[in-house]
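In case you want the letters, here they are:
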Amino acid sequence: PQVAHRHQWMEMVLMQAIQEGRVAAEVTLVAGDDGGIFDTVSYRQELNVQVQQVVKNRFKLMAQGENAQGALMLIHTETGTMDMSQDRLRVRLNDQDMRYAEDPLELMYGQPEDACYTVIDDGEVQQLLVYLPASVLGSVTVESIDPLAALFSPAGIAIIVGAMALVALAGVVAFRKR
């Protein structure tokens, strides 16, 4: 009951932020096998947000125009489109990692000095809030990274093989001393 109430409360806060003009754009994304479906609503004429790419576990947006007062973007997606677990999510602005903010209210009511983001997840639908400080625009890339992907890369496999060889060598040395 408390979880449902918290999400209803957060939805009310988001709707109020949209009505008060704090949200500059709202984007809905669904990735499929042959690309993605998306819808973009801009609440400020001077700021244009375009979806450049939508694939499973990755999307890219471009914010262009003017951003005199800072811009908050609200992005909706489903769990089947993007895994937004904090340990897997990577959000970048112009190829620079963005800071994760624990509290969504910091983005909506505070005016952070740096570009940052937070996730609001109610299970089925996930919402990503992205804050761009005043005069900052550009490319926002969001991707879910598999933590095992680096392990199974060529460099990761070389490290694993090297570690196994080191353990085998230590075992041989230990048995020879007996």
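Model, not experiment: these values are computed from the prediction.

With a phi angle near 65°, aspartate 95 is a residue other than glycine that sits in the positive phi range. With respect to the helices and strands, the residue aspartate 95 is situated in the loop between strand E6 (89–93) and strand E7 (96–97). Despite not being glycine, serine 135 has its phi angle at roughly 70°, a positive value.

Relative to strand E4 (residues 58–65), strand E3 (residues 47–55) runs antiparallel, the two sharing eight bridges. Within the sheet, the bridge partner assigned to glutamine 53 lies in E4 and is lysine 60. Linking two consecutive strands that pair antiparallel, namely E3 and E4, is a turn of two residues; a positive phi of about 65° is found at asparagine 57 within it.

This part covers the sheet that holds strand E10 (residues 125–132). Ordered in space as E2-E1-E5-E10-E9-E8, the six strands form an open sheet in which the pairing is mixed. Among the strands making up the open sheet, the edge pair consists of strand E2 (35–42) and strand E8 (99–100). Two elements, strand E9 (residues 116–121) and E10, share six bridges in a ladder whose sense is antiparallel. Residue pairing across strands places tyrosine 117 opposite valine 130, the latter belonging to E10.

Moving on, we get to the sheet that holds E7. Working definition: the strands of a sheet are paired by backbone hydrogen bonds and lie parallel or antiparallel to each other. The antiparallel open sheet is built from five strands, whose spatial order is E3-E4-E11-E6-E7. The two strands at the open ends of the sheet, each matched to only one other strand, are E3 and E7.

As a further point, take the environment of glycine 36. Position of glycine 36 among the secondary structure elements: in strand E2. Note: C-alpha distance between glycine 36 and valine 54 (18 residues apart in sequence) is 5.0 Å. Leaving out residues up to four positions away in the same chain, glycine 36 has contacts with Val30, Ala31 and Val54.

Right, let's talk about a nonpolar patch on the surface for a bit. A grouping of Leu166, Leu169 and Val173 is seen on the molecular surface, where their side chains present a nonpolar patch of about 300 Å² in accessible area. Secondary-structure assignment places leucine 166 in helix H3 (residues 154–176).

Looking now at the pattern of salt bridges. A complete count under the given rule lists six salt bridges for this structure. Here arginine 90 and aspartate 97 are joined by a salt bridge, their closest N and O atoms 3.4 Å apart. A salt bridge links glutamate 106 to arginine 99; the shortest N-O distance between them is 2.8 Å. Each of the salt bridges in this network shares a partner with another, and the network as a whole consists of Arg90, Arg92 and Asp97.

With that out of the way, let us pick up the side chain of glutamate 143. Position of glutamate 143 among the secondary structure elements: in strand E11 (residues 138–144). Side-chain polar atoms of glutamate 143 contact the side chain of arginine 58, separated by 3.1 Å. Other than its neighbours up to four places away in sequence, glutamate 143 contacts Asn57, Arg58, Met82, Arg88, Leu89 and Arg90.

Counting buried positions over the five residues of E6 gives four, a clear majority of the element. Counted between consecutive antiparallel strands, the loop separating E6 from E7 contains two residues, among which asparagine 94 sits at a positive phi close to 50°.

All right, on to the confidence of the model for the protein then. Averaged over every residue, the pLDDT of the protein is 82; residues scoring 70 or more account for 86%. Mean pLDDT values for the elements of the protein range from 73 in helix H1 (residues 2–19) up to 93 in E7.

Rules used throughout
- Residues numbered from 1 in each chain as written.
- Predicted model: local features only at pLDDT ≥ 70, side-chain atom pairs only at ≥ 80, totals over all residues.
- Heavy atoms only, no water.
- Helix = DSSP H or I, 4+ residues; strand = E, 2+ residues; numbered from the N terminus.
- Pairing = 2+ DSSP bridges.
- Contact = heavy atoms within 4.5 Å.
- Patch = residues over 30% accessible without salt bridge, like charges linked within 9 Å, V, L, I, M, F, W, Y side chains within 5 Å.
- Areas by Shrake-Rupley, 256 points an atom, 1.4 Å probe, with all protein chains shown as cover.
- Salt bridge = Lys/Arg side-chain N within 4 Å of Asp/Glu carboxyl O.
- Polar contact = N/O pair within 3.5 Å; in protein donor to acceptor, adjacent residues only side chain to side chain.
- Buried < 20%, exposed > 50% of the residue type's maximum accessible area, 1.4 Å probe, protein only.
- pLDDT = per-residue confidence, 0-100.

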